[in-house]
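If you want the building blocks of each chain, they are given just below.
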Amino acid sequence: NLIYFLQIIKKFNCDLQKVSEFIPFFLGGYVIFKVIRLLLSLALLFGMLYLGKLIAYFIPIGISDSIWGMLLLFTCLVIGIVKVEWVTPSARPLTRYMTVFFIPVCAEIIEHVDVLYSHAVSFLLANVLSSTLSLMLIGLFAQKMFHRYK
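Reading the values: rules and limits
What you see as residue numbers is a count from 1 along each chain, following the sequence as written. For a predicted model such as this one, the threshold for reporting local features is a pLDDT of at least 70, and the threshold for listing and counting side-chain atom pairs is 80 or more; totals across whole chains, interfaces and linings nevertheless cover every residue. Excluding hydrogens and water, the side-chain values take into account all heavy atoms of the structure. The way it works is that DSSP assigns letters per residue, a run of H or I at least four long becomes a helix, a run of E at least two long becomes a strand, and they are numbered from the N terminus. Note on exposure labels: buried denotes an accessible area under 20% of the residue type's maximum, exposed denotes more than 50%, and partly exposed covers the range between, all computed with a 1.4 Å probe on protein chains only. Whether two residues touch is decided by their heavy atoms; if any such pair falls within 4.5 Å, the residues are in contact. The accessible surface values rely on the Shrake-Rupley method and a 1.4 Å probe; as for residues, cover is taken only from the protein chains in view. Centre distance within 6.5 Å is the pairing criterion for rings of Phe, Tyr and Trp, where only the six-membered ring of Trp is used; planes under 30 degrees apart are then read as stacked, over 60 as edge-to-face, and the remainder as tilted. Think of it as a cone above the ring: NZ of Lys or CZ of Arg counts as a charge over the ring if it is within 6 Å of the ring centre and within 35 degrees of the ring normal. Put simply, a salt bridge is a Lys or Arg side-chain nitrogen that is within 4 Å of an Asp or Glu carboxyl oxygen. To count toward a patch, a residue needs a relative accessible area above 30% and no salt bridge. Like charges then connect within 9 Å, nonpolar side chains (Val, Leu, Ile, Met, Phe, Trp, Tyr) within 5 Å. None of His or the chain ends enter the tally, which takes Lys and Arg as positive and Asp and Glu as negative. Think of each charge as sitting on NZ of Lys, CZ of Arg, CG of Asp or CD of Glu. On a range of 0 to 100, pLDDT expresses the predictor's confidence in each residue. For the purposes of this section, nonpolar cores are sets of buried Ala, Val, Leu, Ile, Met, Phe, Trp, Tyr and Cys residues that join through side-chain atoms within 4.5 Å. Expected span of a helix: the number of residues minus one, times 1.5 Å. The directions considered for the arc are those from the helix axis to the C-beta atoms.

**Student:** Which parts of the structure should I look at to understand the overall build of the protein chain?
**Tutor:** Counting its secondary structure elements, the protein chain contains 8 helices and 0 strands. Listing each helix as α and each strand as β along the protein chain from the N terminus yields α-α-α-α-α-α-α-α. For the protein chain, the residues scored as buried account for 10% of the 150 residues in total. Put simply, 47% of the contacts in the protein chain that link residues at least 6 apart link residues at least 24 apart. Approximately 12,800 Å² of the protein chain is accessible, and the part contributed by carbon and sulfur atoms is 74%.

**Student:** What's the story with the packing of aromatic side chains in this structure? I'm lost.
**Tutor:** In this description, an aromatic ring pair is defined by two values, namely the gap between the centres and the angle between the planes. Under the counting rule described, the total for this entry stands at 1 aromatic pair. With a centroid separation of 5.2 Å and 75° between ring planes, the pair formed by Y57 and F58 is classed as edge-to-face. Considered together, Y57 and F58 belong to a single accessibility category, that of exposed residues. Across from the ring centre of W86, 6.0 Å away, lies the NZ or CZ of K83, which sits over that ring.

**Student:** Please explain the pattern of salt bridges as it appears in this structure.
**Tutor:** A pair can form between side chains of opposite charge whenever their charged atoms are brought close. Scanning the entire structure with this criterion turns up 1 salt bridge. Where D65 meets K53, a salt bridge forms, and the shortest distance between an N and an O atom there is 3.8 Å. Within this pair, whereas D65 is found in helix α3 (residues 65-79), its partner K53 is found in helix α2 (residues 16-58), the two being separated by 12 residues in sequence. Residue classification places K53 among the partly exposed positions, given a relative accessible area of 37%.

**Student:** Quick question: what am I supposed to make of the side chain of S90 here?
**Tutor:** Take S90: it is sitting in helix α4 (residues 84-96). Discounting chain neighbours no more than four positions away, the residues touching S90 are L38, S41, L42 and L45.

**Student:** For this particular structure, what's the right way to read a positive patch on the surface?
**Tutor:** A cluster of basic residues, K34, R37, R92 and R96, forms a positive patch on the protein surface. Every element with two or more residues in the positive patch is listed here: α2 and α4. Structurally, the position occupied by R92 is in helix α4.

**Student:** Looking at this model, I keep getting lost on a nonpolar patch on the surface. Mind explaining?
**Tutor:** On the surface, a nonpolar cluster with roughly 1,000 Å² of combined accessible area is contributed by L51, L54, Y57, F58, I59, I61, I63, I67, M70 and L71. Elements with a contribution of two residues or more to the nonpolar patch: α2 and α3. Counting residues per element, the nonpolar patch draws most heavily on α2, at 4 residues. Within the fold, M70 resides in helix α3.

**Student:** Please explain the confidence of the model for the protein chain as it appears in this structure.
**Tutor:** Keep in mind that low pLDDT regions are not for reading the predicted coordinates in detail. Scored by pLDDT, the protein chain has a mean of 83; 78% of the residues are at 70 or more. Mean pLDDT values over the elements of the protein chain span from 59, in helix α1 (residues 2-12), up to 94, in α3.

**Student:** Got a minute to help me understand the nonpolar core in this structure?
**Tutor:** If you look at soluble globular proteins, the nonpolar side chains tend to sit buried side by side. Of all hydrophobic cores here, the largest spans 5 residues; its members are M48, L73, C76, V82 and V87. Residues contacting C76, with those up to four places away along its chain left out, are M48, I81 and V82.

**Student:** Mind showing me how you'd approach α3 here?
**Tutor:** Between its first and last C-alpha, α3 extends 21 Å over 15 residues, near the 21 Å set by a 1.5 Å rise per residue. Residues W68, G69, L73 and C76 constitute the buried set of α3. Buried residues of α3 fall within an arc of 135° about the axis and therefore sit on the same side. Exposed residues lying more than 90 degrees from the buried face of α3 are M70, F74 and V78. G80 sits one or two residues past α3 and shows a positive phi near 105°.

In structure tokens:
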């Protein structure tokens, strides 16, 4: 935007003094526009989260409200109700700094190491079985899909 603005100034041969007075306003307006887009994008994500909470309240089958919200957001993105450009301003920084959100969880796990050790066999067995089952099912599904299109 700034390059486009400078090209317009050059094309119309504007007075440099007037331009230097206008640049802070132009950049300030651009920053305000970006902040408003970020806030609207966050409002959309929080709206989906609270709709997920509402769904979890009316359909109590044990699925977390945040999962309901993500399913609802995914459905809206696939159908086209919500555009990816609307979610990107807030999703990009959230995914960039996602590891920071795991620090409290890791600290809590370290505090309860004794519980982990007492149930280590069941955790290991569940992880190995679920991973093996998932890989087998994905492999079978992929084979079916690739052979269908040949």
